[in-house]
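Chain by chain, the residues:
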Amino acid sequence: MPDFQQIYELLLDHYGHQQWWPADNRDEVIIGAILTQNTNWKNVTKAIKNLKERDLCSLERISNTEPEIIAGLIRSCGYYNIKAVRLKNTADSLKDWFPKASEVNEAREYL
């Protein structure tokens, strides 16, 4: 079986970072990954815009916000009540957790 990490590093060295995920920071990547489930990116963009307008596009702020408020802002994504709870649960779990690169396997196991 090929070493996927080695393949990734070879491709990264050759092509460089592709900037394919349009996010401003780590929290926005996580939020976008949850919101994009069973919907298209256009709807996720609307939801992230709504969260940013209310200054809620961070795990810490989502953790401190009621799911009902989050649901209203992410309505464009579909399944917004479920995704609001998932965002809040994820935010509660990850807001203070910053794994180091050397802890990748630990991070995978945790997630």
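Each value, and the rule that gives it
Residues numbered from 1 in each chain as written. Predicted model: local features only at pLDDT ≥ 70, side-chain atom pairs only at ≥ 80, totals over all residues. Heavy atoms only, no water. Helix = DSSP H or I, 4+ residues; strand = E, 2+ residues; numbered from the N terminus. Buried < 20%, exposed > 50% of the residue type's maximum accessible area, 1.4 Å probe, protein only. Axes fitted to C-alpha atoms, helices over the stretch in contact; angles between N-to-C directions. Left-handed = near helix turned anticlockwise from the far one by under 90°. Contact = heavy atoms within 4.5 Å. Nonpolar A, V, L, I, M, F, W, Y, C, P; charged D, E, K, R; others polar.

## Regarding unusual backbone geometry
We note that Asn-38 has phi near 60 degrees; this positive angle belongs to a residue other than glycine. Note on placement: Asn-38 falls in the loop between helix 2 (26-35) and helix 3 (41-53). Asn-38 sits in the exposed class, given a relative accessible area of 69%. The phi angle at Asp-55 is positive, at roughly 55 degrees, despite the residue not being glycine. With relative accessibility at 46%, the residue Asp-55 sits in the partly exposed group.

## Remarks on the packing of helix 2 against helix 6 (residues 80-94)
Their axes nearest at 10 Å, the elements helix 2 and helix 6 cross at an angle of 145 degrees. As for the relative orientation of helix 2 and helix 6, their crossing is right-handed in sense. Taking contact as the criterion, the partners of Arg-26, Ile-30, Ile-31, Ile-34 and Leu-35 in helix 2 are, on helix 6, Lys-83, Arg-86, Leu-87, Thr-90 and Leu-94. Considered class by class, the residues forming the contact of helix 2 with helix 6 number six nonpolar, one polar and three charged.

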